[in-house]
Amino acid sequence: MDADSLQQAIREHLAWWGFRHFSSDRDYFAWQRRQLSSEELRQLAFHAEQKREGDHRDEIAFYDLTAHPRIYPVLYSQRYEYYEEIGWRTAAHLSQAKDILDFGCGIGVLTTFYARLFPEKNFVGVDRSSASVVVAQEKADKLGLHNLRFECVDVETQPLSGTYDVVVATHALVQAEHDLGLPSQSWRTFEREYSPAQQLSFERRTGLAIRLDGLCRVVNPSGRMIVSEKTRQLARRVPFQRALVNRELRLAERPTLIRYRTVEEAVEDGPFYVLYRGGEATLNWDEEPEQDQGQRFDPDADARSAGDVNVPLYENHWPSAQTAWEHLKDREVIRETTRQAPDGRQVHAERGISRSQHYLYCANTFDQRQLVIVEESRSAMLDEYYREILRGLP
Ligand SMILES: C[S@@+](CC[C@H](N)C(=O)[O-])C[C@H]1O[C@@H](n2cnc3c(N)ncnc32)[C@H](O)[C@@H]1O
């Protein structure tokens with residue numbers, strides 16, 4: 001099946017599940033208020049907060065609640081575009097496999113999609129939320145799927161059984177969404193030295209190590225793994241990729257970055273990885289920041305185009321701001337501050353002059369960069385920004 005047909009198929013499948021696609025947040029929230037009582041909304045907000053703050057029991061309680069038949073169509077309609085993006089991409093990689101595991105399958109939205117598309121293949125969905133597994137099995141039965149079963153297993157405490165040609169894990173390996181990841185060596189660079197202790201710490205605190213090890217044990221030696229997590233930011237992407245490398249997982253194709261909208265958010269997600277084990281690596285892992293739209297500062301052209309006094313001569317909030325800052329001509333620092341926080345975060349703020357134009361540069365070890373350049377007459381504004389940044393520093 002080509003990409004268009006797979007996309008059409010996933011949309012039909014989501015409609016069967018009762019999910020709706022909203023292009024306006026206002027419409028979604030109006031619908032949500034009609035569907036759910038204020039007590040249900042309060043419960044959801046409470047458990048979402050507990051999940052953020054608490055341990056695995058809070059997480060299971062959250063997923064058990066969201067599996068309630070009144071709640072899941074409303075809540076998961078927020079993730080409509082996520083299902084579309086992940087669903088068709090994963091399905092496109094299943095044609096060669098016979099036995100497929102969907103780890104952390106939740107209520108089985110995507111697992112049932114794959115099983116419907118490929119009736120000749122065998123699917124197993126695994127999740128530790130028992131309420132989710134019950135819903136998943138009921139839906140599979142309603143669809144008359146005999147090539148799919150679900151198991152309630154927590155891989156943190158129980159081993160997975162069987163072996164699989166493809167193991168799929170999407171949004172199920174790195175549960176700690178708030179974890180910033182691994183800081184770069186200093187604010188001057190995006191590079192991360194390999195430190196076994198830091199790597200282990202990331203893998204342990206996000207639960208990645210135990211999940212990934214469990215999955216590696218059940219994938220066939222010639223099998224594939226399809227994984228996609230919220231690891232687009234370099235500080236999370238690097239330790240995530242290193243965890244894959246450490247388990248001898250290799251790239252079967254270039255990872256794909258994914259963009260979609262959820263309610264209240266335009267999400268930049270992924271990458272979407274297709275992996276195999278052992279053998280020779282043919283593709284290299286990329287630990288560079290993403291290419292962005294930032295240009296270098298051109299003092300002549302940018303000064304000439306200056307018109308509006310409220311607009312800086314140049315502004316860049318992307319990683320490329322670093323190269324632009326490095327290439328500033330005759331850079332003269334007026335004042336600078338570098339602070340180190342206990343969590344490894346290092347922040348640098350710098351006020352300076354480059355050939356009579358004034359700049360403010362800000363960089364930290366979690367890959368944020370910002371360069372603003374103004375004419376001399378507006379330099380007081382940069383001094384104010386600089387003081388503001390200092391006030392916010394640890
Ligand atoms: C964000 S949901 C993603 C569900 C599904 N993969 C999707 O893409 O829609 C994460 C799921 O992973 C499950 N999960 C997390 N840790 C697990 C573990 N240690 N063992 C089994 N399931 C786990 C959770 O219960 C939850 O249902």
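Cut-offs applied
Residues numbered from 1 in each chain as written. Predicted model: local features only at pLDDT ≥ 70, side-chain atom pairs only at ≥ 80, totals over all residues. Heavy atoms only, no water. Helix = DSSP H or I, 4+ residues; strand = E, 2+ residues; numbered from the N terminus. Buried < 20%, exposed > 50% of the residue type's maximum accessible area, 1.4 Å probe, protein only. Contact = heavy atoms within 4.5 Å. Near = heavy atom within 4 Å. Polar contact = N/O pair within 3.5 Å; in protein donor to acceptor, adjacent residues only side chain to side chain. Areas by Shrake-Rupley, 256 points an atom, 1.4 Å probe, with all protein chains shown as cover. Nonpolar A, V, L, I, M, F, W, Y, C, P; charged D, E, K, R; others polar. Phe/Tyr/Trp six-rings, centres within 6.5 Å; stacked < 30°, edge-to-face > 60°. Domains from an automatic or database assignment. Buried area = accessible area lost by both parts, 1.4 Å probe. Salt bridge = Lys/Arg side-chain N within 4 Å of Asp/Glu carboxyl O. Axes fitted to C-alpha atoms, helices over the stretch in contact; angles between N-to-C directions. Parallel < 35°, antiparallel > 145°, perpendicular 65-115°, else oblique. Left-handed = near helix turned anticlockwise from the far one by under 90°. Pairing = 2+ DSSP bridges. Core = buried A, V, L, I, M, F, W, Y, C linked by side-chain atoms within 4.5 Å.

Let's talk about the environment of Ala176
Here's step 1: Relative to the helices and strands, Ala176 is located in the loop between strand E4 (164–170) and helix H9 (196–205).
Here's step 2: Residue Ala176 is classed as buried on the basis of its relative accessible area, which comes to 12%.
Here's step 3: Put simply, Ala176 and Arg52 are 124 residues apart on the chain and 7.9 Å apart in space, counted from C-alpha to C-alpha.
Here's step 4: Beyond its immediate chain neighbours, meaning those up to four positions away, Ala176 contacts Arg205, Thr206 and Arg236.

Concerning the site of the ligand
Here's step 1: As a structural note, the neighbourhood of the ligand is formed by 20 residues, with Tyr82, Gly104, Asp127, Thr170 and Arg211 the closest of them.
Here's step 2: A distance of 2.5 Å separates an oxygen atom of the ligand from a polar atom in the side chain of Tyr82.
Here's step 3: Contacts to the ligand include Val153, whose backbone N or O atom sits 3.5 Å from a nitrogen atom.
Here's step 4: Against a free-state accessible area of 600 Å², the protein chains account for coverage of 94% of the ligand.
Here's step 5: For the shell around the ligand, the elements supplying multiple residues, two or more each, are helix H4 (56–66) and helix H6 (80–91).
Here's step 6: Taken together, the residues of the shell around the ligand sort by class into 8 nonpolar, 5 polar and 7 charged.

Concerning the packing of aromatic side chains
Here's step 1: The full count for this structure, using the stated rule, is 19 aromatic pairs.
Here's step 2: Between Phe19 and Tyr83, the aromatic rings sit 5.8 Å apart at their centres with planes inclined by 25°, giving stacked as the arrangement. Linking Phe19 in the loop between helix H1 (3–16) and helix H2 (25–35) with Tyr83 in helix H6, this pair joins segments that are 64 residues apart in sequence. Considered together, Phe19 and Tyr83 belong to a single accessibility category, that of buried residues.

Things to note about the domain arrangement of the protein
Here's step 1: The domain architecture assigned to the protein consists of domain 1 (3–277) and domain 2 (299–392).
Here's step 2: The straight-line distance from the C-alpha centre of domain 1 to that of domain 2 is 39 Å.
Here's step 3: If you look at the interface, domain 1 gives 13 residues, while domain 2 gives 16 residues.
Here's step 4: In this assembly, domain 1 packs against domain 2 so that about 1100 Å² is buried in total across both faces, 62% of it on carbon and sulfur atoms.
Here's step 5: On the domain 1 side of the interface with domain 2, the three residues burying the most area are Leu180, Trp187 and Phe190, jointly 63% of the side's total.
Here's step 6: Run the count over domain 1 and domain 2 and you get 1 salt bridge.
Here's step 7: Arg192 is the salt-bridge partner of Asp367, the closest N and O atoms lying 2.9 Å from each other.

Considering the packing of H1 against H6
Here's step 1: In the contact formed by H1 and H6, the axes pass within 9 Å of each other and the chain directions differ by 135°. Looking at the two axes, H1 sits oblique to H6. At the point where H1 passes H6, the crossing takes the right-handed sense. Here Ala3, Leu6, Gln7, Ile10, Arg11 and Leu14 of H1 lie close against H6, whose contacting residues are Tyr80, Tyr83, Glu84, Gly87, Trp88 and Ala91.

Things to note about the pairing of strand E10 (residues 331–340)
Here's step 1: Direction of pairing for E10 relative to strand E11 (residues 346–354): antiparallel, over a ladder of 9 bridges. Bridge pairing in E11 places Glu332 opposite Ile353.
Here's step 2: Linking two consecutive strands that pair antiparallel, namely E10 and E11, is a turn of 5 residues; a positive phi of about 95° is found at Gly344 within it.

Side note on the nonpolar core
Here's step 1: Ranked by internal contacts, the top residues of the largest apolar core, which has 55 residues, are Phe19, Tyr83, Leu94, Ile107, Tyr114 and Phe123.
Here's step 2: In contact with Leu94, other than residues within four places in its own chain, are Ile100, Tyr114, Phe118, Lys121, Phe123, Val166 and Ile226.
Here's step 3: Counting residues in each nonpolar core, the second largest holds 29 residues, with Val218, Ala243, Leu249 and Leu251 among its members.

A word on the pairing of strand E7 (residues 256–262)
Here's step 1: Bridge count for E7 against strand E8 (residues 265–277) is 6 bridges, and the pairing is antiparallel. From the neighbouring strand, Arg261 faces E8, where its bridge partner is Ala266.
Here's step 2: Hairpin geometry of E7 and E8 is characterised by an intervening segment of 2 residues between the two adjacent antiparallel strands and by a positive phi of about 70° at Glu264.

Quick word on the environment of Phe272
Here's step 1: Within the secondary structure layout, Phe272 lies in strand E8.
Here's step 2: Overall, the relative accessible area of 1% leaves Phe272 in the buried class.
Here's step 3: On a C-alpha basis, the gap between Phe272 and Ala67 in space is 26 Å, while along the polypeptide they are 205 residues apart.
Here's step 4: The contacts of Phe272, once residues within four sequence positions are left out, are Ile86, Arg89, Thr90, His93, Ile226, Val227, Ser228, Pro255, Thr256 and Ile258.

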